[in-house]
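A structural walkthrough
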Amino acid sequence: MSPVTLETDRFVHGAWGEAAHDLEWHPGRPLNIGWHCSDRLCRLGLGEKPALLWEDHQGNARRYTFDDLRVLTNTMAEYLRHAAGLHPGERICLFLDRVPELYFGFLAILKMGGIAQPLFSAFGDDSLWTRLDNAGTAAVVTQRKHLGKVRRARERLPELRAVIVVDAGDLALAPGELALDLERLPRVERFAGHATEAEAPSVLHYTSGTTGQPKGAQHVHLSVLGQYLTARRVLDLRPDDVYWCNADPGWVTGTSYGIIGPWANGITQAVLDAGFQSDRWYAFLEKYRVTVWYSAPTAIRLLMRDGSELARRYDLSALRHLASVGEPLNPEAVVWSRETFGRPFHDTYWQTETGSIVVANLPGMEVKPGSMGKPFPGVTATVVDPQSGEPVGQPGRAGLLALRPDFPSIIRSYWRNPEAFAAKFRNGWYLTGDRASIDGDGYFWFVGRDDDVINTGGHLVGPFEIESAMLEHPAVAESAAVAKPDPVNMEVVKAFVVLKPGREVDDELELEIMNTLRKRLSPLAMPQEIAFVPSLPKTRSGKIMRRVLRAQEWGEPVGDLSTMMED
Ligand code: PRX
């Protein structure tokens with residue numbers, strides 16, 4: 001039996017009833033995110049309203065209305081289904097920068113009943129291959145600049161039938177590679193859509209775990225209820241807003257709140273396909289008169305580093321609401337944003353697995369700087385004792401942050417990994433893997449992660465993947481990757497390496513190991529430091545005790561060492 005307990009009654013009369021009502025959905029009826037984010041809005045008369053204001057790092061700009069969004073996603077859905085021969089339920093990966101085709105492709109895959117698998121385009125060979133292999137991906141939609149990585153991965157992926165290139169031009173393509181020129185295809189006004197069930201799989205997002213390969217978090221179309229309502233209530237989206245979510249859709253924030261939530265609400269989104277640069281970002285906010293901005297602590301810390309003075313050179317008077325996710329939002333960042341933008345960043349907490357915001361500082365609520373806020377109405381959250389698994393029931397006492405798995409957007413499974421999924425539940429609670437406390441006023445305070453996963457700039461990086469990549473260097477016998485404190489990214493990766501007998505440490509070797517990693521991982525997962533050590537702390541059963549290495553980095557007590565193996 002699934003540990004996720006959904007009582008459809010709650011979606012009619014309960015806290016989520018408002019979303020079901022607004023989206024005109026009733027239990028038992030089909031539901032499709034792609035349709036809801038485009039066709040439905042045109043029916044409501046929003047066809048001429050801008051849906052996407054897009055700009056890249058060179059200043060190229062494009063503008064699409066909801067009607068464009070409807071037709072282009074229909075056209076692409078038709079192409080995927082019929083020209084590329086893909087079927088409902090198949091995994092279709094989006095391996096693209098933040099180009100318009102990424103946004104159209106996402107909705108198009110959902111429209112034709114496929115499972116959208118967005119992956120961060122900066123992933124190296126191993127990171128890409130692992131996730132395509134695990135998902136048994138049938139097709140990858142990509143662009144010329146990433147085609148080399150996809151081609152290399154495909155050599156070892158028998159299930160991958162099609163590679164679709166959105167900017168192929170006159171490039172010579174190999175068998176199984178298709179050129180997709182969306183603007184040139186006949187426009188499809190009506191796509192004979194696939195009537196997806198509300199519980200049909202929609203998005204497969206990979207998230208890093210402590211052990212084993214990254215896990216595919218499987219979402220369903222019903223999640224739109226959660227994304228719709230939280231985008232409206234927490235991000236405070238209103239009809240005339242211009243909204244910017246600066247997250248890449250390779251991560252869940254970039255899909256739940258960079259595509260689904262805002263568009264299900266019929267909101268105009270601005271998208272910048274460029275990396276971080278303070279002045280560039282301020283110019284973007286100014287140019288598009290962004291009113292609501294969803295960002296992350298790392299970005300805010302970088303803006304702080306460049307000072308308020310820079311911000312004052314731009315007209316940011318349109319900004320009305322600011323929110324943040326991904327890591328603890330430092331109290332100083334809240335204070336700084338009040339001074340600089342005249343309003344605080346509102347912290348929100350959630351995860352890939354929850355699919356939508358679960359704890360938040362709602363607009364109008366008193367912000368206690370440093371607190372994540374309170375559970376979103378409709379979400380039951382608590383802090384449980386690690387031993388008993390029961391709520392700690394005492395203000396200020398830290399424990400494991402747990403949620404009742406009964407809200408629409410919670411994942412339904414980890415792809416092909418029922419054991420890892422089952423391990424997330426205890427006594428009817430979903431365990432987030434984070435530690436937190438609740439104060440007397442019901443505000444939640446983040447304490448830290450309960451596992452070895454590293455949170456670098458709001459991105460989770462699993463030690464296992466880094467350690468596996470490290471072992472591919474012939475001189476490495478063993479390794480461990482842990483989080484090390486960092487002023488900007490909160491945490492960065494530090495690697496500990498035990499060399500094979502007879503191998504000596506020198507600069508060249510370190511460089512070689514780094515090069516091995518660079519080809520395989522994403523820039524985010526790259527260690528900032530490598531320490532060569534004679535041995536690693538281990539349990540008597542031989543498991544590497546990363547928490548011991550981590551505690552040393554943070555200057556914290558190492559805790560219980562009774563299971564540690566003596567050298
Ligand atoms: O550890 C928590 C941290 O990010 C984790 C979820 O990461 P991911 O699945 O990649 O999703 C990120 C964006 C939704 C959490 O388990 N985290 C997220 N938000 C906060 C946070 N830590 C502290 N405060 C937050 N507001």
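The model shown is predicted, which means the values in this text are computed figures rather than measured ones.

Counting its secondary structure elements, the chain contains 17 helices and 27 strands. Over its C-alpha trace the chain gives a radius of gyration of 23 Å, about what one expects of a compact globule, namely 24 Å for 567 residues. A total of 567 residues make up the chain; the buried ones form 60% of that total. For the chain, the proportion of contacts with a sequence separation of at least 24, taken over those separated by at least 6, is 69%.

Looking now at the site of the ligand. With respect to spatial proximity, 18 residues lie near the ligand, and among them Asp347, Thr348, Thr352, Asp434 and Arg449 are the closest. Within the backbone of Pro328, a nitrogen or oxygen atom sits 3.4 Å from a nitrogen atom of the ligand. One nitrogen or oxygen atom from the main chain of Thr348 is found 2.7 Å from a nitrogen atom belonging to the ligand. In isolation the ligand has 550 Å² of accessible area, and contact with the protein removes 97% of it. For the shell around the ligand, the secondary-structure elements that each account for two or more residues are helix H9 (252-264), strand S14 (345-349) and strand S22 (444-449). Of all the elements, S14 adds the most residues to the shell around the ligand, at 3 residues. In terms of residue class, the shell around the ligand is made up of 8 nonpolar, 6 polar and 4 charged.

Under the criterion given, the structure shown has 23 aromatic pairs. Each ring, one from Trp336 and one from Phe341, has its centre 5.5 Å from the other, and the planes form 85 degrees; the classification is edge-to-face. Judged by its relative accessible area of 10%, Phe341 falls in the buried class. With a centroid separation of 6.4 Å and 80 degrees between ring planes, the pair formed by Phe341 and Phe345 is classed as edge-to-face. By relative accessible area, Phe345 is classed as buried at 0%. Here a set of aromatic residues connected by ring pairs shows up, and it is made of Trp244, Phe276, Trp281, Tyr282, Phe284, Tyr288, Trp293, Tyr314, Trp336, Phe341 and Phe345. Taking NZ or CZ as reference, Arg156 lies 4.3 Å from the ring centre of Trp129, over its face.

For the rest of this paragraph, the subject is the pattern of salt bridges. Tallied over the full model, the rule gives 39 salt bridges. Residue Glu18 pairs with Arg233 through a salt bridge whose shortest N-O separation is 2.4 Å. Within this pair, whereas Glu18 is found in helix H1 (residues 17-22), its partner Arg233 is found in helix H8 (residues 224-233), the two being separated by 215 residues in sequence. Its salt-bridge partner being Glu189, residue Arg187 comes within 3.7 Å of it at the nearest N-O pair. You can call Glu189 partly exposed: its relative accessible area is 37%.

In this section: the side chain of Ser308. Structurally, Ser308 can be placed in helix H12 (residues 308-312). Residue Ser308 is classed as buried on the basis of its relative accessible area, which comes to 14%. Here the side chain of Ser308 touches Thr340 through a polar contact of 3.0 Å, side chain to side chain. Ignoring sequence-local partners within four residues, the contact set of Ser308 consists of Trp336 and Thr340.

Moving on: the environment of Val163. Its place among the elements puts Val163 in strand S6 (residues 162-165). Looking at Val163, the relative accessible area reads 1%, which means it is buried. Each C-alpha atom of the pair Val163 and Leu147 lies 8.7 Å from the other, and the pair is 16 residues apart in sequence. Not counting chain neighbours up to four residues away, the residues in contact with Val163 comprise Val140, Thr142, Leu147, Val150, Arg154, Gly176, Glu177 and Leu178.

Looking now at the environment of Pro158. Within the secondary structure, Pro158 sits in the loop between helix H7 (144-154) and S6. For the pair Pro158 and Ala108, spaced 50 residues apart in the sequence, the C-alpha separation amounts to 24 Å.

Another point: the state of the cysteines. Applying the stated criterion to the full structure yields 0 disulfides. As a non-bridged cysteine, Cys42 has Cys37 as the owner of its nearest cysteine sulfur, 11 Å distant. Assessed through its relative accessible area of 17%, Cys42 is described here as buried. Considering cysteine sulfurs only, Cys245 is the nearest to Cys93, which forms no disulfide, with 19 Å between them. Taking relative accessible area as the criterion, Cys93 reaches 0% and is therefore assigned buried.

One broad rule of soluble globular proteins: the nonpolar side chains tend to lie buried together. Counting 103 residues, the largest nonpolar core has Leu225, Leu235, Trp263 and Tyr294 as its most contacted members. Here the element with the most residues in this core is helix H5 (residues 100-111); it accounts for 8 residues. The residues contacting Leu235, other than those within four sequence positions of it, are Thr230, Tyr243, Tyr257, Val292, Tyr294, His321, Ala323 and Ile357. Counting residues in hydrophobic clusters, the runner-up holds 28 residues, among them Leu53, Leu285, Leu303 and Leu310.

The next point concerns the pairing of strand S13 (residues 321-324). Burial along S13 is two-sided: the residues His321 and Ala323 and Leu322 and Ser324 are all buried. One ladder, built from 4 bridges, connects strand S12 (residues 292-295) with S13; its direction is parallel. Pairing of Ser295 across the sheet is with Ser324, part of S13.

Here the focus is H5. In a regular helix each residue adds 1.5 Å, so 12 residues correspond to 16 Å; H5 covers 17 Å between its end C-alpha atoms and thus fits that length. The buried fraction of H5 amounts to 12 of the 12 residues, a majority that puts the element mostly inside the structure. Those residues of H5 that fall on the buried side of the exposure criterion are Pro100, Glu101, Leu102, Tyr103, Phe104, Gly105, Phe106, Leu107, Ala108, Ile109, Leu110 and Lys111. Downstream of H5 by a residue or two, Gly113 has a phi angle that is positive, lying close to 85 degrees.

This part covers the pairing of S22. The sheet contact formed by strand S21 (residues 429-438) and S22 spans 5 bridges and is antiparallel. Among the inter-strand pairings, Arg435 is bridged to a residue of S22, identified as Gly448. Linking two consecutive strands that pair antiparallel, namely S21 and S22, is a turn of 5 residues; a positive phi of about 85 degrees is found at Gly442 within it.

To continue, consider the confidence of the model for the chain. Taken residue by residue, the chain gives an average pLDDT of 95. The fraction at 70 or more is 100%. Across the chain, element-level confidence peaks in strand S3 (residues 91-95) with a mean pLDDT of 99 and bottoms out in helix H15 (residues 463-471) with 91.

A contiguous patch of negative charge, built from Glu504, Asp506, Asp507, Glu508 and Glu512, is present on the exposed surface. Among the structural elements, Glu512 can be located in helix H16 (residues 507-520). Taking relative accessible area as the criterion, Glu512 reaches 37% and is therefore assigned partly exposed.

Reading the values: the criteria
Residues numbered from 1 in each chain as written. Predicted model: local features only at pLDDT ≥ 70, side-chain atom pairs only at ≥ 80, totals over all residues. Heavy atoms only, no water. Helix = DSSP H or I, 4+ residues; strand = E, 2+ residues; numbered from the N terminus. Rg over C-alpha atoms; globule rule 2.2 N^0.38 Å. Buried < 20%, exposed > 50% of the residue type's maximum accessible area, 1.4 Å probe, protein only. Contact = heavy atoms within 4.5 Å. Near = heavy atom within 4 Å. Polar contact = N/O pair within 3.5 Å; in protein donor to acceptor, adjacent residues only side chain to side chain. Areas by Shrake-Rupley, 256 points an atom, 1.4 Å probe, with all protein chains shown as cover. Nonpolar A, V, L, I, M, F, W, Y, C, P; charged D, E, K, R; others polar. Phe/Tyr/Trp six-rings, centres within 6.5 Å; stacked < 30°, edge-to-face > 60°. Lys NZ or Arg CZ within 6 Å of the ring centre and 35° of its normal. Salt bridge = Lys/Arg side-chain N within 4 Å of Asp/Glu carboxyl O. Disulfide = S-S within 2.5 Å. Core = buried A, V, L, I, M, F, W, Y, C linked by side-chain atoms within 4.5 Å. Pairing = 2+ DSSP bridges. Expected span 1.5 Å × (residues − 1). pLDDT = per-residue confidence, 0-100. Patch = residues over 30% accessible without salt bridge, like charges linked within 9 Å, V, L, I, M, F, W, Y side chains within 5 Å. Lys, Arg positive; Asp, Glu negative; His and termini not counted. Charge placed at Lys NZ, Arg CZ, Asp CG, Glu CD.

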